[in-house]
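As a plain string of letters, each chain reads:
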Amino acid sequence: MEDILLVKNLKKHYRDVRAVDDISFSVKKGEITSILGPNGAGKTTTVEIIEGLRKADAGDIYLFGKKISHIDASIKKSMGVQLQTTAFFEYLTVKETIELFAGLYGVTVDSRKVIEEFSLIDKTRSKVRELSGGQLQRLALAVAVVNDPEIIFLDEPTTGLDPQARRNVWDIVLKLKEKGKTIILTTHYMEEAEKLSDHVYIMDHGKIVASGTVEELVKSLGMESFVEFSTTQSKKALALLEGDFKIKAITRETLSIPTTNVEQTLHVLFSKSHENGFNVDNVIIRRPNLEDVFLHITGRSLRD
Amino acid sequence: MKIIKLAKGFFINEIREFNGFFWTFVFPAVLYFILVSVFSGMGSSGISFKMGVLTDEELTGFGSILNEILEQVSPEPFNVINYENMEQMMDDLKFNKIDVGVRIPTGTSFSLTKSIVFHQEPAKIEIYSVSARGESKMALQILKNIFEQVNLQIGKETASRLGNVYKDIEVSAEAVTPSDEWKFSYSNYLFPAVILMAILSISMFNAPIGLIYNRVKGINRRLYTTTIGSFHYFSAFFLFLLFSALLSVSLLYVIGTTLFKVDPAIMKIEFMAKIVYSTAVLFSIGMMISSFCKKYTTAEVIGQIFFQVFMFLGGFYFPVLNFDMPQAIKWFAKALPTTYLVESLRASLGYDVYSFSEATFWTVPSVWLGVSLIVFIFNFKRVMSYE
């Protein structure tokens, strides 16, 4: 599949802060590409440079196969953008907002169809200020696609939403992919990146620290599973098991053991528990995820 | 086309917000009503009227009673101004320089003597007033009352001392039509001020607060992700301000012409051109304010200060430069653009209180316009919030 976007050696500094520190990446047409990282990793700065809202200090951007020096109106016509902070005219209705943004792109849309598509039909005549967080994000997504763009930038589209609203947004994003849209998504939610992404770039401190499909990234950890359990004597358990495993404390009472052999790990765990008298409760066996990848690479949690 | 669509968006968003709608459209109209209602009768409640007196003969004998009456009513409730000829007195009455005119014709002393002593030939006094003017009507009424009291008093004295029946002084009241060339009307005087206040409100509040609010809330960033650039955005915003001002001014024109019968001179191109020039000056100052402030709450405070100072020290409602103020404040008031803008508009209606020269009308506001535009242009990128 062809690269719709190619970024080379992109840099952006704010005084002493390297917001974007010499990153390169590509995005394939028709895929959902996620940039995953904690707050302040440089995700938003990166996409806003590509959107034309910020100027890069250095680096090249190739869009639709052409090197872009300036994001002009003709390029913007083929881009859809949903910013991290959703800001619309508060006193315009949903319908008016969609029609206004369509007008700004010089296109006419069947606003009713768009509103239906984004499950806002009962809010057609509601003012923007009357919408809930989830409804507002759906409107932001509707506005982002009102010009029928080829490439869509979604900057943390589900931040601050409840689980139900988040799932609704995910469904919409997947539908957009089904329509052949290319989507670049920034997020600090591991589940979101896992659920939606064809390709993931993990960013931290302005750098891309890992990339690949979710499967590739998880495999790169070199382990198949995690055995997690809770104990009231976590210090004792940690000291006793450290010689056998790369055990880590997740919380004060929860410990996690990465393993490629679950059966053997459980055998050792229960033997030591029986022999040394520490309790083992709430045992969970789970597959590794992007959170583990991030933790493995940076030594920090995504939520830190 | 997209500029017009965006300007329409700005406008609809603004008028649906109570604050925006109230301050832009309702408040100027309400203020106009209130001020005209409160001050249009200005002077009528005063205790001193200006009374012109023309005496065709030297009052002697019983005629000197009239001299005593005139002395007793002066300076309150009448400030007496003596005239040499009728024409001059009538002109001053027509031009509102006096509230009432009293003519004591030749032969009054003799007539008064005959009416008291011989019960013959009543003395005749002529009083001239302008019925269309409240102050004049009131002065006439007071004078009539005074002469009734005088007649009663003389009548009593005559009956008791001379046993005669006194013939009352006849007071003939003549209505005078005021000059078409000059009629003081507070609604006329106020109209330019209310027009400028409406534009000032949009300039000092809507312009800077709108620009900063959109920047802080990220509305313009959202717009820049479309095919809208910063110049489109600014043009649309400017168009929205202009349209708001046009609507607000039009509303005041309708109220002024229909309800308050403001001088038709407001329809002249000269007057309208001055409004356009004032709009340019005040808008540019609003834009300049947006260059200084990072937060819209700061812009609200600064806008409020500019608004109040420009309005009150600019002499919108009273000729403040004629007040007994410290010289420094007078100079400060003279440095304000609104002092000249409102005076210039008033001059078109015949109310140039300060008698500035035509050049002065343009010079000071032009300096403000130039400086404000330069400051705004230098800060344009920052105000529009793009790198």
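The rules behind these values
Residues numbered from 1 in each chain as written. Chains lettered and ligands numbered in written order. Predicted model: local features only at pLDDT ≥ 70, side-chain atom pairs only at ≥ 80, totals over all residues. Heavy atoms only, no water. Helix = DSSP H or I, 4+ residues; strand = E, 2+ residues; numbered from the N terminus. Rg over C-alpha atoms; globule rule 2.2 N^0.38 Å. Buried < 20%, exposed > 50% of the residue type's maximum accessible area, 1.4 Å probe, protein only. Contact = heavy atoms within 4.5 Å. Lys, Arg positive; Asp, Glu negative; His and termini not counted. Charge placed at Lys NZ, Arg CZ, Asp CG, Glu CD. Buried area = accessible area lost by both parts, 1.4 Å probe. Salt bridge = Lys/Arg side-chain N within 4 Å of Asp/Glu carboxyl O. Polar contact = N/O pair within 3.5 Å; in protein donor to acceptor, adjacent residues only side chain to side chain. Nonpolar A, V, L, I, M, F, W, Y, C, P; charged D, E, K, R; others polar. Domains from an automatic or database assignment. Core = buried A, V, L, I, M, F, W, Y, C linked by side-chain atoms within 4.5 Å. Pairing = 2+ DSSP bridges. Axes fitted to C-alpha atoms, helices over the stretch in contact; angles between N-to-C directions.

### Remarks on the overall build of chain B
- Helix and strand counts for chain B stand at 15 helices and 5 strands.
- Relative to the 2.2 N^0.38 estimate, which gives 21 Å for 387 residues, the radius of gyration of chain B is 30 Å and therefore markedly larger than a compact globule would have.
- Along the longest, intermediate and shortest principal axes, the C-alpha atoms of chain B span 105 × 40 × 35 Å.
- Going through the 387 residues of chain B one by one, you find that 50% of them count as buried.
- At a minimum sequence separation of 6, the contacts of chain B that also span at least 24 residues come to 79%.
- The centroid of the 31 positive side-chain charges in chain B is displaced by 20 Å from the centroid of its 31 negative side-chain charges.

### Concerning the interface of chain B and chain A
- Each side of the interface is counted separately: chain B has 22 residues, and chain A has 27 residues.
- In total, chain B and chain A occlude about 2,500 Å² of area from one another, counting both sides; carbon and sulfur atoms represent 60% of this.
- Salt-bridge contacts for E96 of chain A lead to R16 of chain B; the nearest nitrogen and oxygen are separated by 2.6 Å.
- Where chain B packs against chain A, one counts 8 residue pairs in polar contact (both at pLDDT 80 or more).
- Residue assignment for the side of chain B that touches chain A shows that the elements contributing at least two residues are α1 (2-16), α7 (186-217) and α8 (219-224) of chain B.
- Of the residues forming the side of chain B that touches chain A, the biggest block, 8 residues, is contributed by α1 of chain B.
- Across the side of chain B that touches chain A, the residue classes tally to 8 nonpolar, 6 polar and 8 charged.

### So, the domain arrangement of chain A
- For chain A, the assigned domains are domain 1 (3-219) and domain 2 (225-287).
- The centre of domain 1 of chain A, based on its C-alpha atoms, is set 41 Å off from the matching centre of domain 2 of chain A.

### Here's the deal with the nonpolar core
- If you look at the biggest cluster of nonpolar residues, it comprises 154 residues, and the most contacted ones within it are L5 of chain A together with Y32 and Y317 of chain B.
- Counting residues per element, this core draws most heavily on α7 of chain B, at 19 residues.
- Once residues within four sequence positions are removed from consideration, Y32 of chain B is found in contact with S187, L190, F191, V194, L252, I255, G256, F260 and V262 of chain B.
- Formed by 24 residues, the second largest nonpolar core is a distinct cluster that contains M51, I69, F78 and I125 of chain B.

### Observations concerning the sheet that holds strand β5 (residues 66-68) of chain A
Residues and elements named next belong to chain A.
- With antiparallel pairing, the 4 strands of this open sheet are ordered in space as β2-β1-β4-β5. If you trace the sheet from one side to the other, it starts and ends with β2 (17-28) and β5, each paired once. Strand-to-strand twist across the sheet, computed as the mean angle between neighbouring axes with direction ignored, equals 20°.
- Here 5 bridges tie strand β1 (residues 3-14) to strand β4 (residues 58-63), and the two strands are oriented antiparallel to one another. Following the sheet pairing, K8 is matched in β4 by D60.
- Most of the contacts of helix α1 (residues 43-51) go to β1, to which it runs at about 115°, and overall it touches β1, β2 and β4.

### So, the sheet that holds strand β11 (residues 225-230) of chain A
Residues and elements named next belong to chain A.
- Strand order in this open sheet of 4 strands is β12-β13-β11-β14, and the pairing throughout is antiparallel. The sheet is open, and its two borders are formed by β12 (248-249) and β14 (281-286), each paired with just one other strand.
- With 6 bridges connecting them, β11 and strand β13 (residues 254-259) associate as antiparallel partners. Note that in β13 the partner of S230 across the bridge is T254.
- Sheet strands in contact with helix α9 (residues 234-241) are β11, β12 and β13, and its direction is about 20° off that of β13.

### Looking at the environment of K97 of chain B
Residue and element names in this part refer to chain B.
- Tracing the chain through its elements places K97 in the loop between α4 (86-94) and β3 (100-104).
- Judged by its relative accessible area of 51%, K97 falls in the exposed class.
- For the pair formed by K97 and N188, sequence separation is 91 residues and the distance between their alpha carbons is 18 Å.
- Not counting residues within four places of it along the chain, the set of residues in contact with K97 comprises K50 and D92.

### Quick look at the domain arrangement of chain B
- You can read the domains of chain B as domain 1 (2-40 + 185-384) and domain 2 (49-175).
- Taking only C-alpha atoms, the centre of domain 1 of chain B and the centre of domain 2 of chain B are 52 Å apart.

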